[in-house]
Amino acid sequence: MLNNLAFETDRLSGQTVELCYHCHKCTAGCPVVDAMEFGPDHLLRLVALDQRQEVLSSRDIWLCAGCYTCATRCPNDIDISAVMDALRQLSIREGITAGEENALLFHRLFIGVVERMGRSHEAATLGLFKVLSDTPLMNDVGAGIGLFLRGKVPLLPQRSGAAREVRAIFQECRSSGEPTDKAV
Amino acid sequence: MEYSYYPGCSLHSTGIEYGLSTRAVFNHLGIGLIELSGWNCCGASSAHAFDHNLALALPARNLALAQQSGRDLVAPCAACFNRMKAADYSLRNDPEERALIEAAVGFHFTGEVTVRPMLAVLHDDYGVEAIAAQVQQPLRGLKVVPYYGCLLVRPPQITQFDDPDHPQVMADLLQAIGAEVMPWSYATDCCGAGLSLSRADIVQKQVSRLVERAREAGADALVTACPLCQVNLEMRQTSQPMMPAFYFTELIGLAFGLPEAKKWWRKHLIDPTPVLHAAGIPGAGVPAKGLEPLAKVVE
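Everything numeric in this text was worked out from a predicted model, so none of it was measured.

### Let's talk about the overall build of chain A
Check the secondary structure of chain A and you find 11 helices and 0 strands. Taken from the N to the C terminus, the helices and strands of chain A come in the order α-α-α-α-α-α-α-α-α-α-α. Expressed along its principal axes, the backbone C-alpha trace of chain A runs to roughly 50 × 40 × 30 Å. Here the contacts in chain A between residues at least 6 apart in sequence split such that 68% fall between residues at least 24 apart.

Below, the structure written as structure tokens:
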């Protein structure tokens, strides 16, 4: 039972995926469903059927934009966005190659900068993403220059005065919580 | 009237004109915004991919700072607002979660301060009629659609703000400053949010659809209350002519006749001055010189 995907997902997300009766309201309203392999309600079914590999390696869990349209419309009050988060956490913990590696890379870079500096720093995140992702190198260079010229990506990070306390929060969550790996 | 103020990371970078216009409008109205000293990133929208407790503890540290100040908290960014409300909701409703968050942050939650949507502070606390009374230069002739995006209104049990399907607050404020609000059905559709870097194709598609629908509704511009929506709307548009996306605070500032308004337009990736000129609004400033239109830079 402990190794059952539905059981673990329910525990991590605080939801009950088995309540889904596949009315498709979530899938009908999902803004990114046409880029997905399965779509939200199909994915919930795969979770309930313990299709671990298929679910945790699917790109769907990384394509969810976290818009909460599904969570708001579900007649059984399943917060599907929270389910997607739980599946991401399980996928990372098990070291599964993400179905959308660039999406995971972005999250790792973003949260890695926050852990070190206490605040996000766009120039660092965008620069590292450009170098480390497999998106074409020239993509978004024009937009990046446009933002830079308008003073919107300061090169120096802000000093928050909170960096040490924020690192302590990361440490505390790592030791008290689920055995998630280090973000970066 | 005084609030604790959490600008969040974006208002110092990609959403800088949101921060500037917010400060200017609140200053003009005499509403105090006192920035939390030593605030940290709320973790949106990455922390919850890694650790549920971390995703609540990061915003909760800011709630702890607000609690020390004793003032209700205003967070202009929709994503920051959403994360603050999510932490607040867990602290109020889930004793087990509350113990974990309090231990991680090192504070005792009293529940005395609340997190307020900035739109509601202006709409309810200050009042629509009082805002209308401050207007020097009604934005007559400017046709706009209000665009809330996701995180101000969903999930509704957490955001506790307006109607999640048919919010009205922004339309009320825009009408109060004389703008013509066009009816449309896409005010709470998603722009693609944080997929902007890793899957720009998806965000382009979402944004193109929103802009097309806004054009069909007869609008000259979109009006947002979220820095990520705003940058996606202006950065990921593909079809000409490009439609600017204002922050609602910019338009309120313009209607109040604030002289600094013309500095905000230069921060936009899509120059909004032609739209303001076409609507015959004085004090709109001149089109930005020295900055190539984005489309040209990209080529």
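After that view of the structure, there is still more to cover.
### A closer look at the pairing of strand 2 (residues 32–35) of chain B
All names here are of chain B. In the sheet, strand 1 (residues 2–5) pairs with strand 2 via 4 bridges, with the strands oriented parallel. Along strand 2, the bridge assignment pairs Tyr5 with Glu35. Taken together, strand 1, helix 1 (residues 16–29) and strand 2 constitute a β-α-β crossover, and its handedness is right-handed.

### Comments concerning the interface of chain A and chain B
The interface is formed by 57 residues belonging to chain A together with 52 residues belonging to chain B. Counting only elements with at least two residues in the side of chain A that touches chain B, the list comes to helix 6 (69–73), helix 7 (80–93), helix 8 (101–117), helix 9 (122–132), helix 10 (141–149) and helix 11 (163–176) of chain A. Along the lines of polarity and charge, the residues of the side of chain A that touches chain B split into 27 nonpolar, 18 polar and 12 charged.

### Details of the domain arrangement of chain A
In terms of domain boundaries, chain A breaks down into domain 1 (5–93) and domain 2 (101–176). Centre-to-centre separation of domain 1 of chain A and domain 2 of chain A, based on C-alpha positions: 27 Å.

### A short note on the pairing of strand 5 (residues 143–147) of chain B
Moving residue by residue along a regular strand, the side chains alternate between the two faces of the sheet. Residues and elements named next belong to chain B. Most of strand 5 is tucked away, with 4 of its 5 residues classed as buried. Bridge count between strand 5 and strand 6 (residues 180–181): 2 bridges; the pairing is parallel. Across the sheet, Lys143 pairs through a bridge with Glu180, a residue of strand 6. One ladder, built from 4 bridges, connects strand 5 with strand 7 (residues 221–224); its direction is parallel. Among the inter-strand pairings, Val144 is bridged to a residue of strand 7, identified as Ala221.

### A few points about the packing of helix 4 (residues 78–93) of chain B against helix 5 (residues 95–105) of chain B
All names here are of chain B. In contact at an axis separation of 6 Å, helix 4 and helix 5 are set at 120 degrees when each is read in the N-to-C sense. Taken together, helix 4 and helix 5 sit at an angle that is classed as oblique. The way helix 4 lies across helix 5 gives a crossing that is left-handed. Across from Ala87, Ser90 and Leu91 in helix 4, the residues of helix 5 making contact are Glu97, Arg98 and Ile101. For the contact of helix 4 with helix 5, the residue count by class is 3 nonpolar, 1 polar and 2 charged.

### Things to note about the domain arrangement of chain B
All names here are of chain B. Taken domain by domain, chain B holds domain 1 (2–116) and domain 2 (119–298). Computed over C-alpha atoms only, the centres of domain 1 and domain 2 are separated by 23 Å. Residue assignment for the side of domain 1 that touches domain 2 shows that the elements contributing at least two residues are helix 1 and helix 4. The element that contributes the greatest number of residues to the side of domain 1 that touches domain 2 is helix 1, accounting for 10 residues.

### Overview of the environment of A:Gln89
Residues and elements named next belong to chain A. Structurally, the position occupied by Gln89 is in helix 7. A tally of 23 C-beta atoms within 10 Å means that Gln89 is categorised as buried. Taking the C-alpha atoms as reference points, Gln89 and Leu56, separated by 33 residues in sequence, lie 9.4 Å from one another.

### Here we look at the sheet that holds strand 4 (residues 115–116) of chain B
With respect to topology, 4 strands assemble into an open sheet ordered 2-1-3-4 (chain B), the strand pairing being parallel. Of all the strands in the sheet, the pair left with one neighbour each is strand 2 and strand 4 of chain B.

### Comments concerning the sheet that holds strand 7 of chain B
Residues and elements named next belong to chain B. Read across the open sheet, the 4 strands follow the order 6-5-7-8; overall the sheet is parallel. The outermost strands of the open sheet, each flanked by one partner alone, are strand 6 and strand 8 (245–247). Packed onto the sheet, helix 11 (residues 248–255) meets strand 7 and strand 8 and runs at close to 75 degrees relative to strand 8.

### Some details on the confidence of the model for chain B
All names here are of chain B. Model confidence for chain B is summarised by a mean pLDDT of 94, while 95% of its residues fall at 70 or above. Scored below 50 in pLDDT, residues 295–299 makes 6 contacts in the model with residues more than four places away or belonging to other chains. In the model output, the complex is listed with pTM 0.94 alongside ipTM 0.93.

### Thoughts on the confidence of the model for chain A
All names here are of chain A. For chain A, the mean per-residue pLDDT works out to 92, and 95% of the residues sit at or above 70. Averaged pLDDT values for the elements of chain A fall to 89 in helix 10 and rise to 98 in helix 5 (residues 60–63). Here residues 180–184 scores under 50 on pLDDT; set against residues more than four positions off or in separate chains, the count is 14 contacts.

### Digging into the environment of B:Ser10
Residues and elements named next belong to chain B. You can see Ser10 is positioned in the loop between strand 1 and helix 1. For the pair Ser10 and Cys226, spaced 216 residues apart in sequence, the C-alpha separation works out to 9.5 Å. Not counting residues within four places of it along the chain, the set of residues in contact with Ser10 comprises Gly15, Cys77, Pro227 and Leu228.

### A closer look at unusual backbone geometry
Residue and element names in this part refer to chain B. Between Ala44 and Ser45 the backbone carries a cis peptide bond, its omega angle lying at -10 degrees. The topology assignment puts Ser45 in the loop between strand 2 and helix 2 (47–50). A cis amide bond, omega -15 degrees, links Arg154 with the succeeding residue Pro155. Looking at the secondary structure, you find Pro155 in the loop between strand 5 and helix 7 (156–159). Its identity as a non-glycine residue notwithstanding, Gln160 has a phi of 45 degrees, on the positive side. Note on placement: Gln160 falls in the loop between helix 7 and helix 8 (169–176). Judged by local crowding, Gln160 falls into the partly exposed class, with 15 C-beta atoms found within 10 Å.

Conventions and cut-offs
- Residues numbered from 1 in each chain as written.
- Chains lettered and ligands numbered in written order.
- Predicted model: local features only at pLDDT ≥ 70, side-chain atom pairs only at ≥ 80, totals over all residues.
- Helix = DSSP H or I, 4+ residues; strand = E, 2+ residues; numbered from the N terminus.
- Contact = placed C-beta atoms within 7 Å.
- Pairing = 2+ DSSP bridges.
- Right-handed = clockwise from strand over helix to strand, strands pointing away.
- Nonpolar A, V, L, I, M, F, W, Y, C, P; charged D, E, K, R; others polar.
- Domains from an automatic or database assignment.
- Buried ≥ 20, exposed ≤ 12 C-beta atoms within 10 Å, placed from the backbone.
- Axes fitted to C-alpha atoms, helices over the stretch in contact; angles between N-to-C directions.
- Parallel < 35°, antiparallel > 145°, perpendicular 65-115°, else oblique.
- Left-handed = near helix turned anticlockwise from the far one by under 90°.
- pLDDT = per-residue confidence, 0-100.

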